[in-house]
Amino acid sequence: MKRAYLVFLLLLATIIGRAQSPYHLDTLHYAGDSKYFVDIVYLGDGFKEDELDSFVEFVTAQNDQFFDKAPWRNYKSMFNVFYVKTASNESGAGMTPDEPIDNIFGVCFGTSGVDRMPWPTKWNKVYEVLRAVKPDYDMVPIVVNSQKYGGGGGGKFICFSMEKNSIEVLRHESGHSLGGLADEYWYKGREAANMTQQIDPVKWNRWMNINGVGTYRHSDNEEEEGYSWYRPHQNCLMRYLNREYCYVCREALIENIHANSKNVLSYAPTDQAVNLDDDVTFSLNLLKPDPNTLRVDWFMDEKTVAHNQESYVLKKENVDAGSHQLMVLVEDTTLMVRKSGHTTLHSTSIKWDVTVEASTGIETLTVSSNDYRVGPLPFDTSLDFSNKQPQQQETRMVLLDKMGKIVVSATFQDDSLCSLSTAHLPQGVYILCVYQKGKLIYKRKVSK
């Protein structure tokens, strides 16, 4: 009891603390629950209270442009985008870490001795704001109120200025943050999807000689460190601004988008144990790329029964009594990814255990009449059909298996007695259909 009371007090304090927080989360683009989507949260540094409107205008414009380039535009549906207005006492950023100004996150240029790299120095404040408004985030771009060119990225964080090239800087730094990519100009060597010292075989071998992908040294001078490091492309956005991502970098970004999102938002029935006493519709709510590259396969007892359908109707008449398993597999088949194991790692499968109660004899389905005789039931070596009032017309008998495949059929000129030979059929449940003049006159479930 005492422990429960303490938990209650802690929860209450958390709620009150958040309610009293001076920070507020605003939305630029909302797609759904964070557990299914990639969450971007923009913060601003060096914006005084009367400058916050310019921060909002800037991030709104940046967000609209960010998703114009592949692969971001293809997977925009998988992102939530938010921003937080955080006022500073002083505008701008420090020019070096040794010359800070009174901005909220302490952003200064000159980080690690790189003049064009702005980076926060007050990380406790960054985390305080995020804990208060959005503790579950995937990427945090920090906008600096400065026209000085620069940007940096690593982990889940990006820091960049409002200089005219800002959108390209944001995209480049997002490659570091969300894709784990390295610079393709020489900065320092580290193993990444787009940087390696191992070229036999090279990790991007699947893309070699396609659209300029190869193995290119970072330096032609054997005495320089970059000589032993290789990049996959000579003209990628991870090297130059105002370029496209090379195929290797694009693939890495998509892999990380998938790692932080889901392609199935929900499914029905939610109960994965289903008693099939009537026809049941199984359905999916999918999160689709643009264009849609999701492949959907439905399997009944490991046999494919439907393809690229968001729903599947399981008909009781087609399922034998007993236990079965229905499974659906959803995977992204985008041609922008060639990585081995992609579909295994980033696919979703859902399984339902389906039970059909045993039945005997014969059950009426859709068309029946007391004017007809069928037997014997259950049948063995033959199945007979006759009309109590023969009309001397052509009659066609068709016997289907549970999957709707014709297993026996025959046509008779006299409908007074028609008989199918069934000795070769295995025991099970079948569907008998009888046609006259091309019209279905009789349909029933029968068993052997």
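These numbers were taken from a predicted model, which means no experiment stands behind them. (Residues numbered from 1 in each chain as written. Predicted model: local features only at pLDDT ≥ 70, side-chain atom pairs only at ≥ 80, totals over all residues. Heavy atoms only, no water.)

The next thing to look at is the overall build of the chain. The helix and strand inventory of the chain stands at six helices and 24 strands. Rg of the C-alpha trace for the chain: 33 Å, well past the compact-globule value of 22 Å for 448 residues, more than 25% over. Principal-axis analysis of the C-alpha atoms places the extent of the chain at approximately 105 × 65 × 40 Å. The buried share of the chain, taken over its 448 residues, is 46%. The contacts of the chain with a sequence gap of at least 6 include a subset with a gap of at least 24, amounting to 60%. Taken as a whole, the chain presents about 22400 Å² of accessible surface, with 47% of it coming from carbon and sulfur. Taken together, the 47 basic and 57 acidic charged side chains of the chain have centroids lying 4 Å from each other. (Helix = DSSP H or I, 4+ residues; strand = E, 2+ residues; numbered from the N terminus. Rg over C-alpha atoms; globule rule 2.2 N^0.38 Å. Buried < 20%, exposed > 50% of the residue type's maximum accessible area, 1.4 Å probe, protein only. Contact = heavy atoms within 4.5 Å. Areas by Shrake-Rupley, 256 points an atom, 1.4 Å probe, with all protein chains shown as cover. Lys, Arg positive; Asp, Glu negative; His and termini not counted. Charge placed at Lys NZ, Arg CZ, Asp CG, Glu CD.)

Moving on, we come to the pairing of strand β15 (residues 322-332). Bridge analysis of strand β12 (residues 294-300) against β15 gives seven bridges, and the strand direction is antiparallel. Looking at the pairing, Arg 295 lines up with Glu 331 of β15. By the bridge criterion, 10 bridges tie β15 to strand β16 (residues 347-356) in an arrangement that is antiparallel. Paired with Val 330 across the strands is Thr 348, a residue of β16. (Pairing = 2+ DSSP bridges.)

What follows covers the sheet that holds strand β10 (residues 273-275). Hydrogen bonds between backbone atoms are what pair the strands of a sheet, whose relative direction is either parallel or antiparallel. Ordered in space as β10-β16-β15-β12-β13, the five strands form an open sheet in which the pairing is mixed. The strands lining the two open edges of the sheet, one partner per strand, are β10 and β13 (303-307). Ignoring which end each strand starts from, the neighbouring axes of this sheet average 25 degrees apart. Two elements, β10 and β16, share three bridges in a ladder whose sense is parallel. Counted as the bridge partner of Val 274 is Val 354 from β16. (Axes fitted to C-alpha atoms, helices over the stretch in contact; angles between N-to-C directions.)

What follows covers a negative patch on the surface. Negative charge collects at one region of the surface, where Asp 220, Glu 222, Glu 223 and Glu 224 lie side by side. Along the chain, the position of Glu 223 falls in the loop between β7 (216-217) and β8 (230-231). Look at Glu 223 and you get exposed, because its relative accessible area is 74%. (Patch = residues over 30% accessible without salt bridge, like charges linked within 9 Å, V, L, I, M, F, W, Y side chains within 5 Å. Salt bridge = Lys/Arg side-chain N within 4 Å of Asp/Glu carboxyl O.)

Take Asn 74: it is sitting in the loop between α2 (52-66) and β3 (79-84). For the pair formed by Asn 74 and Ile 254, sequence separation is 180 residues and the distance between their alpha carbons is 9.4 Å. Discounting residues that sit within four places of it in the chain, Asn 74 has contacts with Pro 289, Asp 290, Pro 291 and Met 336.

Attention shifts here to the nonpolar core. If you look at the biggest cluster of nonpolar residues, it comprises 47 residues, and the most contacted ones within it are Tyr 42, Phe 55, Trp 72, Phe 79, Val 143, Phe 160 and Ile 257. Counting 23 residues, the second largest nonpolar core, distinct from the first, contains Leu 43, Val 107, Leu 130 and Val 133. (Core = buried A, V, L, I, M, F, W, Y, C linked by side-chain atoms within 4.5 Å.)

Counting across every chain of the model gives 12 salt bridges. In this structure, Glu 168 engages Lys 69 in a salt bridge whose closest nitrogen and oxygen atoms are separated by 3.3 Å. Residue Glu 168 is located in helix α4 (residues 166-177), and its partner Lys 69 is located in the loop between α2 and β3; the two are separated by 99 residues in the primary sequence. We classify Glu 168 as buried; its relative accessible area is 5%. Since its relative accessible area comes to 9%, Lys 69 is described here as buried.

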